[in-house]
Amino acid sequence: MTRTAIAVFVIDQIVKIWVVQLLDLKTVGTILVAPPFLILRMAWNEGINFGLFSGAGDVMRWVLIALALAISAWIVIWMRRDRPGPSVQISAGFVLGGAIGNIIDRLIYGAVADFLNMSCCGFENPWSFNVADIAIFVGAFGLIILAGDPPKDRDAKAKAG
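All of these numbers come straight from a predicted model, not from anything done at the bench.

## Points about helix H1 (residues 2-22)
Then step 1. A rise of 1.5 Å per residue sets the reference length of H1, with its 21 residues, at 30 Å; its end C-alpha atoms lie 28 Å apart and thus fit the reference within 8%.
Then step 2. Taken residue by residue, H1 has Thr4, Ala5, Val8, Asp12, Gln13, Lys16, Val19 and Val20 as its buried positions. Down the axis of H1, the smallest arc covering the buried residues is 150 degrees, so these residues share one side. Of the residues in H1, the exposed ones pointing more than 90 degrees away from the buried face are Arg3, Ile14 and Leu22.
Then step 3. At the C-terminal side of H1, Asp24 shows a positive phi close to 55 degrees.

Shown next as structure tokens:
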């Protein structure tokens, strides 16, 4: 879990620094990479998914930071308490790394730096997202799908004892 979380966090932050700062997307606004499939479109998300609760002010920023920290702490406690198998641990690492990446954005910028915009086949996606968002989605999906499986070590010990 820890290695996965660190890897996701580092990749997320490197990509954000590269795109937002070095490519200066924060000023340019849009970079056409492979339109319409991939466009870098700067979006500062002050809310949650799809910009919900955006514009609610600085109080919401701190509420979302506290909520992300609480969920992250809960996941760490859950993983240490239950010791699930490697797939669940990796999924938890994806969620943690992504959550911490977005927390850092809120602390530094006051909002999450979203910039990946993908459209296809006549559908123009109005929203942008980032690597942390992808990791949170993949990790949460993995936790939902895989967390019901009992840990292998605990099952083996229970049968032996």
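## Let's talk about the pairing of strand E3 (residues 112-117)
Then step 1. Of all six residues in E3, six are buried; the element is thus mostly enclosed.
Then step 2. Bridging between strand E2 (residues 38-45) and E3 involves five bridges; their strand directions are antiparallel. Residue pairing across strands places Leu40 opposite Leu116, the latter belonging to E3.

## A short note on the environment of Met1
Then step 1. Assignment of secondary structure puts Met1 in the segment before H1.
Then step 2. The sequence separation of Met1 and Arg80 amounts to 79 residues, and the corresponding C-alpha distance is 9.8 Å.
Then step 3. With near-sequence residues (within four places) excluded, Met1 lies in contact with Val76, Met79, Gln89, Ala92, Gly93 and Leu96.

## As for the packing of aromatic side chains
Then step 1. Tallied over the entire structure, the rule returns two aromatic pairs.
Then step 2. A ring pair is formed by Trp44 and Tyr109, whose centres lie 4.9 Å apart and whose planes are at 55 degrees; its orientation type is tilted. In this pair, Trp44 sits in strand E2 while Tyr109 sits in helix H4 (residues 86-109), placing the two residues 65 residues apart along the sequence.
Then step 3. Its relative accessible area of 37% is what places Trp44 among the partly exposed residues.
Then step 4. On the basis of relative accessibility, which here comes to 33%, the residue Tyr109 falls in the partly exposed class.

Rules of the game
Residues numbered from 1 in each chain as written. Predicted model: local features only at pLDDT ≥ 70, side-chain atom pairs only at ≥ 80, totals over all residues. Heavy atoms only, no water. Helix = DSSP H or I, 4+ residues; strand = E, 2+ residues; numbered from the N terminus. Expected span 1.5 Å × (residues − 1). Buried < 20%, exposed > 50% of the residue type's maximum accessible area, 1.4 Å probe, protein only. Arc of directions from axis to C-beta. Pairing = 2+ DSSP bridges. Contact = heavy atoms within 4.5 Å. Phe/Tyr/Trp six-rings, centres within 6.5 Å; stacked < 30°, edge-to-face > 60°.

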